Amino acid sequence: MGDVKISWNDTKKNIERLAEKYNLYTLSVCMPQESLEENYKLKLISASDIVEKYIKIPKDEILKRIDFINYVRFSYNKLTSDERKIIYWTYFDRENRYDDRYIANNLGFSLGYYYIKKKDTLIRFAFSLGIEVE
């Protein structure tokens, strides 16, 4: 990411905070891993996808959460396939808790190359989301 000057630590913290909020919001309105496609793209959701009968939060809050979930998914889906896998396995797959060594091996990367690729991926994801810190 040659000429881009950002605060790496602040940008990474923004992604981590956003990912945690995303996971909590999906937990509150979606079924787990309901919308992961084979290519690691995430489907956008609509209010009609939600089973409101079992969700005990106000309708306007549900709509706010759906909007946030879709904002994250739209930004995530713009990444390359390998980048989506890195983000998904690092932040969104709460079931398996993959570590960096597993992800690097699964992608066919050395651990050293993986760390470079992961940092570039997080920067690209931050720019896609509009949450980079200069």
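This text gives an overview of the structure that appears in the document. (Residues numbered from 1 in each chain as written. Predicted model: local features only at pLDDT ≥ 70, side-chain atom pairs only at ≥ 80, totals over all residues. Heavy atoms only, no water.)

**Observations concerning the overall build of the protein**
What counts, and what does not: Helix and strand definitions here come from DSSP, where helices need a minimum of 4 consecutive H or I residues and strands a minimum of 2 consecutive E residues; each element is numbered from the N-terminal end. Values of the radius of gyration come from C-alpha atoms, whereas the globule rule sets the reference at 2.2 Å times the count of residues to the power 0.38.
Scanning the protein from terminus to terminus reveals five helices and zero strands. For the protein, the N- to C-terminal ordering of α and β elements is α-α-α-α-α. Relative to its length of 134 residues, the protein is compact, with a C-alpha radius of gyration of 16 Å against a globular reference of 14 Å. In terms of principal-axis extent, the alpha carbons of the protein reach across some 50 × 30 × 20 Å.

**Details of the packing of aromatic side chains**
Two aromatic rings, taken as a pair, are described by how far apart their centres are and by the angle between their planes. Using the following cut-off: Classification of ring pairs uses Phe, Tyr and Trp, with its six-membered ring standing for Trp, and accepts pairs whose centres are within 6.5 Å; under 30 degrees between planes counts as stacked, over 60 as edge-to-face, and the remaining range as tilted. Type-normalised accessible area, obtained with a 1.4 Å probe on protein chains alone, sets the label of each residue: buried when under 20%, exposed when over 50%, and partly exposed for intermediate values.
The full count for this structure, using the stated rule, is 12 aromatic pairs. Ring geometry for Tyr25 versus Phe68: centroids 5.4 Å apart, planes at 75 degrees, classification edge-to-face. With Tyr25 in helix H1 (residues 8–29) and Phe68 in helix H2 (residues 59–77), the pair connects residues that are 43 residues apart, well separated along the chain. By the burial criterion, Tyr25 is buried, and Phe68 matches it. Each ring, one from Phe109 and one from Tyr113, has its centre 4.9 Å from the other, and the planes form 85 degrees; the classification is edge-to-face. A relative accessible area of 17% places Phe109 in the buried class. Judged by relative accessible area, Tyr113 falls into the partly exposed class, the value being 41%. Taken together, Tyr22, Tyr40, Tyr76, Tyr88, Trp89, Phe92, Tyr98 and Tyr102 form an aromatic cluster joined through their ring pairs.

**Let's talk about the nonpolar core**
Rules: The term nonpolar core refers to a set of buried residues drawn from Ala, Val, Leu, Ile, Met, Phe, Trp, Tyr and Cys, joined through side-chain atoms within 4.5 Å. Whether two residues are in contact is decided by their heavy atoms: any pair within 4.5 Å suffices.
With 35 residues, the main nonpolar core has Tyr76, Ile87, Phe92 and Phe125 as its most contacted residues. Breaking this core down by element, the ones donating at least two residues are H1, H2, helix H3 (81–92), helix H4 (100–107) and helix H5 (111–129). Residues within four places of Phe125 in sequence aside, it is in contact with Ile15, Val72, Ser75, Tyr76, Leu79, Ile87 and Phe92.

**What to know about H4**
Side chains three or four residues apart in an α-helix point the same way, a direct result of the helix having 3.6 residues per turn. Using the following cut-off: The arc in question is traced by the directions running from the helix axis to the C-beta atoms.
Listed in full, the buried residues belonging to H4 are Ile103, Ala104 and Leu107. One side of H4 carries all its buried residues, which in axial view fall inside an arc of 100 degrees. Every exposed residue of H4 that faces more than 90 degrees away from the buried side is listed here: Arg101 and Asn105. Where the residues of H4 are buried, they touch H3 and H5.

None of the figures reported here should be taken as evidence of function without further support.
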